[in-house]
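What follows is the residue order along each chain.
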Amino acid sequence: MATLGDRKQQLLNRLAELDGRLHDIEAELDTHQSKDWGELAVEREEDEVLEGMGISGLAEVKQINAALARIEDGSYGYCVRCGEEISEERLDVVPATPFCRICAR
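Residues numbered from 1 in each chain as written. Predicted model: local features only at pLDDT ≥ 70, side-chain atom pairs only at ≥ 80, totals over all residues. Heavy atoms only, no water.

Colleague: Sorry if this is basic, but what is going on with the overall build of the protein here?
Modeller: On a plain count of helices and strands, the protein comes out with 4 helices and 0 strands. Counted from the first residue to the last, the protein has its helices and strands arranged as α-α-α-α. A compact globule built from 105 residues would reach a C-alpha radius of gyration of about 13 Å, whereas the protein, at 18 Å, exceeds it by more than 25%. Overall size of the protein, expressed as C-alpha extent along the three principal axes, is 55 × 25 × 20 Å. Expressed as a percentage of its 105 residues, the buried residues of the protein come to 27%. (Helix = DSSP H or I, 4+ residues; strand = E, 2+ residues; numbered from the N terminus. Rg over C-alpha atoms; globule rule 2.2 N^0.38 Å. Buried < 20%, exposed > 50% of the residue type's maximum accessible area, 1.4 Å probe, protein only.)

The following block contains the structure:
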């Protein structure tokens, strides 16, 4: 069974990982400026994929920050919708989740 400190560290580690990934995506997007039309078309397709990954990453950062705020205010581990305790198993898989298994459906 993970402690609250373990959960917080897990969330902070994931946040650091996402920060690095998002900076890498931003740097990659900044390098795409080919003069060749064919290469530019390929780069645009790659940019769309990278932008999607960036949007997804930013959404996860927001969820993690919300989970860290719940840790600080003492509400972490309880469903924000129904108030029931979120199972340890669910928190093991999705540590930033604000919902219990039932409410997540």
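Next comes the rest of the account.
Colleague: Is there a simple way to think about the environment of Met53 in this case?
Modeller: Mapped onto the elements of the fold, Met53 is located in helix α2 (residues 37-73). Residues Met53 and Val42, 11 residues apart in the sequence, show an inter-C-alpha distance of 17 Å.

Colleague: It is not clear to me how the UniProt feature "zinc finger region: dksA C4-type" (unreviewed entry) in the protein should be interpreted in this structure. Could you clarify?
Modeller: Here the UniProt-annotated "zinc finger region: dksA C4-type" (unreviewed entry) positions come out as residues 79-103. Secondary structure across residues 79-103 divides into 36% helix and 0% strand, with the first and last C-alpha atoms of the span separated by 8 Å. (UniProt positions renumbered as here; feature names shortened; annotations may be inferred.)

Colleague: Just to check I follow, could you spell out the nonpolar core for this structure?
Modeller: Most often, soluble globular proteins keep nonpolar side chains buried together rather than apart. Residues Leu11, Ile64 and Tyr76 are the most contacted members of the largest nonpolar core, which totals 15 residues. Of all the secondary-structure elements, those providing two or more residues to this core are α1 (4-31) and α2. With sequence-adjacent residues up to four places away left out, Tyr76 is seen in contact with Leu4, Arg7, Leu11, Ala67, Arg70, Ile71, Leu91 and Pro95. (Core = buried A, V, L, I, M, F, W, Y, C linked by side-chain atoms within 4.5 Å. Contact = heavy atoms within 4.5 Å.)

Colleague: Sorry, what's going on with the side chain of Arg70 here?
Modeller: With respect to the helices, strands and loops of the structure, Arg70 is situated in helix α2. Buried charge Arg70 goes without a salt bridge, the closest partner of opposite sign being Asp73 at 6.8 Å. Excluding residues within four positions of it along the chain, Arg70 makes contact with Ser75, Tyr76, Val80, Ala96, Thr97 and Pro98. (Lys, Arg positive; Asp, Glu negative; His and termini not counted. Salt bridge = Lys/Arg side-chain N within 4 Å of Asp/Glu carboxyl O.)

Colleague: I'm lost on a negative patch on the surface in this one. Help?
Modeller: Residues Asp24, Glu28, Glu45, Glu46, Glu48 and Glu51 make up a contiguous surface patch of negative charge. Mapped by element, the contributors of at least two residues to the negative patch are α1 and α2. Positionally, Glu45 belongs in helix α2. For Glu45, a relative accessible area of 54% translates into the label exposed. (Patch = residues over 30% accessible without salt bridge, like charges linked within 9 Å, V, L, I, M, F, W, Y side chains within 5 Å. Areas by Shrake-Rupley, 256 points an atom, 1.4 Å probe, with all protein chains shown as cover. Charge placed at Lys NZ, Arg CZ, Asp CG, Glu CD.)

Colleague: Looking at this model, I keep getting lost on the environment of Lys8. Mind explaining?
Modeller: Tracing the backbone shows Lys8 in helix α1. Spatially, the C-alpha atoms of Lys8 and Ala96 are 9.6 Å apart, while their sequence positions differ by 88 residues. Non-local contacts of Lys8, meaning those with residues more than four positions away in its chain, are made with Leu68, Ile71 and Glu72.

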